[in-house]
Amino acid sequence: MSGTVDLRSMANAIRALAMDAVEKAKSGHPGMPMGMADAATVLWTRFLTFDPADPVWPDRDRFVLSAGHGSMLLYALLHLTGYPGMEIEQIERFRQLGSRTPGHPEYGHTPGVETTTGPLGQGLANAVGMALAERMLAARFGKELVDHWTYVIAGDGCMMEGISHEAAALAGHLGLGRLIVLFDDNGISIDGPTRLATSEDVRARFAAYGWHTLAVDGHDFEAVARAIAEAKADPRPSLLACKTIIGFGAPNKEGSEATHGAPLGAAEVAAARERLGWHHPPFVIPREIYAAFRAAGERGARARAAWKARLEAAPREVRRAFEKALAGEIEAEAKAAVAALKERLFASKPVVATRKASEMALEVLTEAIPELVGGSADLTHSNNTITKHTAPVRPGDFSGRYVHYGVREHAMAAIMNGIALHGGFVPYGGTFLVFSDYARNAIRLSAMMGLRVVYVLTHDSIGLGEDGPTHQPVEHLASLRAIPDLLVFRPADAVETAECWEVALAQKNRPSVLALTRQNVPPVRTEPVAENLCARGGYVLAEANGERALTILATGSEVQLALEAKARLEARGVPVAVVSLPCFELFDAQDPDYRRAVLGTAPRIAVEAAVPFGWTRYVAGEEDVVGMRGFGASAPGAALFRHFGVTADALVRLAERKLGLAPAS
């Protein structure tokens, strides 16, 4: 009971809005909102701490709708509790262009939406990241400033997706007791009963991960309340298997896949109104129901005021550090750290793999920036992602800044998204470039949400050698470059690597990939330059000795090949410029005059130990690229470069053909 309005009437308001919005849009998923309305009403009115007047106050509880197809459940709750911009007109415009109620929840688009969900299981893994960030931030600043919960509604599809296994296993291992998942255990998926495809015991699986689990009638308000209270009292993460009826209240379709992903139809909506005793016109909610929902937000307003008082009472240096961490203002520290490192690199001119150069950058960056949180998918000493400043996070000890994700690339990426969404930290994590395929959906969502997440992807070409074609990426650079709003960096040496790290950390609203070598590379930037040349994505590394006859474009370890080819061609009187292109996306964003000046008007060829797809934005055709035309092989890296013709010799021969020169004798 909330005031004089019973919880059933409040839940039925959610059901009615879901039915009506989907019916008007002629598109959507009414079944899940109707089935989980009871459990969600209990959660939002009795447990969830939120304040619609300030949807992003730092110590609010996080609510993640992992089953994002049921978005009308969340939109109804945001409307009923009074979130700004979520007036009834937005509900009426469900799934329409420009509305705040898109088909699946979108972070940054709708007030109160904590993460973009829809690809099943992503939200659950994001929530693990949020719960981890909450514990880590509490370890740094104390429970007076950081003391909140992360709640999730997840469905059968989330549980089937492999990412849920990865993320839940890590959450159980770490003991993330502030994480509570309400599992919509309705036994229905798009194809029909879930028994068509699975017979697993989800509770037993989560118990094996180290979770606290309960089974509960999802339509019994008091049983749900008792289950949530018990979960909050248990030190482990909790899974509450809420047995529900999908499409609850639709007399002819409830309990079947017919309610999952299509409008109920006018007749069934009318019948559901009768069954539920809901006699109000479409999109009309009684005043007393609004009042009951908004009372929950008022409780959150009091909690926010108390938290704000605690923040103001905190010691000045603690308050300043906390506010700085939440603001994510790290650019100045990154710039200063990289500038000092570059001075040392120009002096020492190290011959190192760019993964090692990345480690050198991270040593100074993690010392200067306490908000940097690292990790790796069980490749720490191959990715070179740990530093002496990043102690590991361990079960029961969240004071560290390095997460051992295990062999869980997909979960790692989605968990990092959750850490970034939570606020207070800037995450980076490592794996091999070839295994970015495992993490691709989460990387795509990093870009879609505009999150500052850095992917350290090492072993970036056939240069990794003997592990062979299963581990040698050839198509991955092109594939990642195809993702909008993702920066893909492939630095050529230690200086470029440091500069790329600085640029990546300056991107407050987009993620970055650093593609790094296993093999050593010589320095190509040997003359001290204070400016961050990589910040423009591409630049003239070595100008032609005379009027350009040819421009060679290159990235990463192949820049050295371009310089060697230049030297050999210029010895024959052919003026050649070499352009380093560590980041296509940044270069393409430069003004046309700069791009023209860098690219020049002379014929252009390119070299990259990857498929040539995508290079035709800079060269006339793929035949103008020295690169890979198929998969690699198992052999030492140097032998593979020769075998596949990714060499300075191949560049010289291509230049001869391009310019009509006689072959060198």
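Residues numbered from 1 in each chain as written. Predicted model: local features only at pLDDT ≥ 70, side-chain atom pairs only at ≥ 80, totals over all residues. Heavy atoms only, no water.

Undergrad: So what about the overall build of the protein chain? Which residues, and what values?
TA: Looking only at helices and strands, one finds 24 helices and 20 strands in the protein chain. Radius of gyration (C-alpha) of the protein chain: 28 Å, near the 26 Å computed for a compact globule of 665 residues. Summing over all exposed atoms, the protein chain offers an accessible surface of approximately 23,800 Å²; the carbon and sulfur share of this is 52%. Charge-centre separation for the protein chain: the mean point of 68 positive side chains lies 2 Å from the mean point of 76 negative side chains. (Helix = DSSP H or I, 4+ residues; strand = E, 2+ residues; numbered from the N terminus. Rg over C-alpha atoms; globule rule 2.2 N^0.38 Å. Areas by Shrake-Rupley, 256 points an atom, 1.4 Å probe, with all protein chains shown as cover. Lys, Arg positive; Asp, Glu negative; His and termini not counted. Charge placed at Lys NZ, Arg CZ, Asp CG, Glu CD.)

Undergrad: Please set out the packing of helix H1 (residues 7-25) against helix H10 (residues 266-276) residue by residue, giving values where relevant.
TA: For the pair H1 and H10, the least separation of the axes is 11 Å and the interaxial angle reads 170 degrees. Here H1 is positioned roughly antiparallel relative to H10, judged by the angle of their axes. Within the contact between the two elements, H1 uses Asn 12, Arg 15, Met 19, Asp 20 and Glu 23 and H10 uses Ala 266, Val 269, Ala 272, Arg 273 and Leu 276. Class assignment of the residues belonging to the contact of H1 with H10 gives a composition of 5 nonpolar, 1 polar and 4 charged. (Axes fitted to C-alpha atoms, helices over the stretch in contact; angles between N-to-C directions. Parallel < 35°, antiparallel > 145°, perpendicular 65-115°, else oblique. Contact = heavy atoms within 4.5 Å. Nonpolar A, V, L, I, M, F, W, Y, C, P; charged D, E, K, R; others polar.)

Undergrad: I'd love a proper account of the nonpolar core, names of residues and values included.
TA: Formed by 82 residues in total, the largest nonpolar core has its most connected members in Leu 365, Phe 489, Trp 501, Leu 505, Leu 553 and Trp 615. Element by element, the count of residues in this core is highest for helix H19 (residues 494-505), at 8 residues. What Leu 365 contacts, discounting residues up to four positions off in sequence, is Ala 334, Ala 337, Val 338, Leu 372, Trp 501 and Leu 505. (Core = buried A, V, L, I, M, F, W, Y, C linked by side-chain atoms within 4.5 Å. Buried < 20%, exposed > 50% of the residue type's maximum accessible area, 1.4 Å probe, protein only.)

Undergrad: Tell me about the environment of Tyr 75, residues and numbers included.
TA: Its location among the elements puts Tyr 75 in helix H3 (residues 71-80). For the pair Tyr 75 and Ile 188, spaced 113 residues apart in the sequence, the C-alpha separation amounts to 22 Å. With near-sequence residues (within four places) excluded, Tyr 75 lies in contact with Met 86, Ile 91, Phe 94, Arg 100, Thr 101, Pro 102, His 104, Pro 105 and Thr 110. At 3.4 Å, the side chain of Tyr 75 and the backbone oxygen of His 104 are in polar contact. (Polar contact = N/O pair within 3.5 Å; in protein donor to acceptor, adjacent residues only side chain to side chain.)

Undergrad: Explain the state of the cysteines to me, using residue names and the numbers behind them.
TA: Going through the model one piece at a time under the given rule, you end up with 0 disulfides. For Cys 534, which is in no disulfide, the shortest distance to another cysteine sulfur is to Cys 500 and amounts to 4.0 Å. (Disulfide = S-S within 2.5 Å.)

Undergrad: How would you explain the packing of aromatic side chains if you had to name every residue and give the values?
TA: Enumeration according to the criterion identifies 17 aromatic pairs in this entry. Ring geometry for Phe 50 versus Tyr 83: centroids 6.1 Å apart, planes at 15 degrees, classification stacked. In this pair, Phe 50 is assigned in the loop between helix H2 (31-47) and strand E1 (62-65) and Tyr 83 in the loop between H3 and helix H4 (88-92), connecting sequence segments 33 residues apart. When its relative accessible area of 7% is taken as the criterion, Tyr 83 is described as buried. (Phe/Tyr/Trp six-rings, centres within 6.5 Å; stacked < 30°, edge-to-face > 60°.)

Undergrad: Explain the pattern of salt bridges to me, using residue names and the numbers behind them.
TA: On inspection of all chains with the given rule, the structure shows 38 salt bridges. Asp 38 is the partner of Arg 8 in a salt bridge, and the nearest nitrogen-oxygen pair spans 2.9 Å. Separated by 30 residues along the polypeptide, Arg 8 in helix H1 and Asp 38 in helix H2 bring together distant segments of the chain. Classification of Asp 38 by relative accessible area gives buried; the value is 1%. Taking the shortest distance from any N to any O, the salt bridge between Lys 356 and Glu 359 comes out at 2.6 Å. Note that Lys 356 and Glu 359 are positioned in helix H14 (residues 354-368) at a spacing of 3 residues, about one turn of the helix. Three or more residues are tied together by salt bridges with common partners; here these are Glu 134, Arg 135, Asp 147 and Arg 178. (Salt bridge = Lys/Arg side-chain N within 4 Å of Asp/Glu carboxyl O.)

Undergrad: How would you explain the side chain of Asp 493 if you had to name every residue and give the values?
TA: Within the secondary structure layout, Asp 493 lies in the loop between strand E13 (487-489) and H19. The side chain of Asp 493 sits in the buried core without any salt bridge; Arg 525 is the nearest counter-charge, 5.9 Å away. At 2.9 Å, the side chain of Asp 493 forms a polar contact with the backbone nitrogen of Glu 496. Of the polar contacts made by the side chain of Asp 493, one reaches the backbone nitrogen of Arg 525; its length is 2.8 Å. With near-sequence residues (within four places) excluded, Asp 493 lies in contact with Thr 354, Val 521, Pro 522, Pro 523, Val 524 and Arg 525.

Undergrad: Would you mind going over H10 in detail, with residue names and values included?
TA: Given 3.6 residues per helical turn, the α-helix brings residues three or four places apart onto the same face. Those residues of H10 lying buried are Glu 268, Val 269, Ala 272, Arg 273 and Leu 276. Buried residues along H10 cover an arc of 145 degrees about the axis, so they all sit on one side. Relative to its buried face, H10 has exposed residues pointing more than 90 degrees away, namely Ala 266, Ala 267 and Glu 274. Buried residues belonging to H10 abut H1. Just beyond H10, the residue with positive phi is Gly 277, at close to 70 degrees. (Arc of directions from axis to C-beta.)

Undergrad: Pulling in residues and values, what's your account of the pairing of strand E11 (residues 426-432)?
TA: In regular strands, side chains alternate between the two faces of the sheet. The element E11 is largely enclosed, with a buried count of 7 among its 7 residues. Pairing analysis gives 3 bridges linking strand E9 (residues 372-376) to E11, with the strands arranged parallel. When the bridges of E11 are listed, Val 373 appears paired with Pro 427. Of the strand pairs in this sheet, E11 and strand E12 (residues 454-458) are connected by 5 bridges, and their pairing is parallel. Directly across from Gly 429, in E12, lies its bridge partner Tyr 455. At this point the chain moves from E11, through helix H17 (residues 436-449), to the parallel E12, and the crossover so formed is right-handed. (Pairing = 2+ DSSP bridges. Right-handed = clockwise from strand over helix to strand, strands pointing away.)

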